[in-house]
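Next come the chains, spelled out residue by residue.
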Amino acid sequence: LDAMSIAVGFVIRAAAGAEAIHVPISPWLLLCALLLALFLALTKRRHELTLLENGAVNHRPILAEYNTYLLDQMIGVVTASTLVCYSLYTLWPGTVAKFGTHNLAFTIPFVLFGIFRYLYLVHQKGEGGKPERILVSDIPFIINMLLWLLVAVVVLYGPESLR
């Protein structure tokens, strides 16, 4: 419930934002937001647990309900689910009809790399406590985001031959 409530909060904000500007939002995109927020919440809990060790419960009592093995299992499930969900979103007939192309699938490798890079930073470098810092300071992650954006822009707004 802890991690899910965090993730649902992000989904509510995304849905409210779409409603506020009167833009329909894909159910796949909402599910992607839920899974990505859940991924970040679980990796952040893992970071807290490993960083604080025996003092973790004093910092955040809910951490008594977690252990790194459980978190790693949940992160694995959410990681795979996030990638599958994003992939289905790019190929969903509603997305294809909206953007007029199946080629958004070319952005999938960048999403996979982003997830793998983030997991590398969490597991090998002991990061993950501040996801926002990783987004703006990790050079490979930034390059990956820019490449994702470039491919998305080319696919969506490039020459007609790419559609």
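The text that follows walks through the structure, step by step, so that each part is easy to find. (Residues numbered from 1 in each chain as written. Predicted model: local features only at pLDDT ≥ 70, side-chain atom pairs only at ≥ 80, totals over all residues. Heavy atoms only, no water.)

**Considerations on the pattern of salt bridges**
- The full count for this structure, using the stated rule, is four salt bridges.
- Ionic pairing is found between Arg45 and Asp2, a salt bridge with its closest N-O pair at 2.7 Å. Of this pair, Arg45 sits in helix α2 (residues 27-52) while Asp2 sits in helix α1 (residues 2-20), and the two are 43 residues apart along the sequence. Side by side, Arg45 and Asp2 carry an identical accessibility label, which is buried.
- Each of Asp2, Arg45 and Glu48 takes part in one network of salt bridges that share partners. (Salt bridge = Lys/Arg side-chain N within 4 Å of Asp/Glu carboxyl O. Helix = DSSP H or I, 4+ residues; strand = E, 2+ residues; numbered from the N terminus. Buried < 20%, exposed > 50% of the residue type's maximum accessible area, 1.4 Å probe, protein only.)

**Focus on helix α4 (residues 68-91)**
- Compared with an ideal rise of 1.5 Å per residue, which puts 24 residues at 34 Å, α4 spans 34 Å between its outermost C-alpha atoms and is within 8% of the ideal.
- Leu71, Ile75, Val78, Thr79, Thr82, Cys85, Tyr86, Ser87, Tyr89 and Thr90 are the residues of α4 that are buried.
- Looking at the packing, one finds that the buried side of α4 touches α2, α5 (93-99), α6 (108-124) and α8 (139-157).
- At the N-terminal end of α4, a side-chain oxygen is found 3.0 Å from the backbone nitrogen of Tyr69, two or three residues along, and the residue is Asn67. (Expected span 1.5 Å × (residues − 1). Contact = heavy atoms within 4.5 Å. Polar contact = N/O pair within 3.5 Å; in protein donor to acceptor, adjacent residues only side chain to side chain.)

**Section: the side chain of Arg46**
- Position of Arg46 among the secondary structure elements: in helix α2.
- Using a relative accessible area of 13% as the deciding quantity, one classes Arg46 as buried.
- Leaving out residues up to four positions away in the same chain, Arg46 has contacts with Thr68, Leu71, Asp72, Ile75, Val122 and His123.

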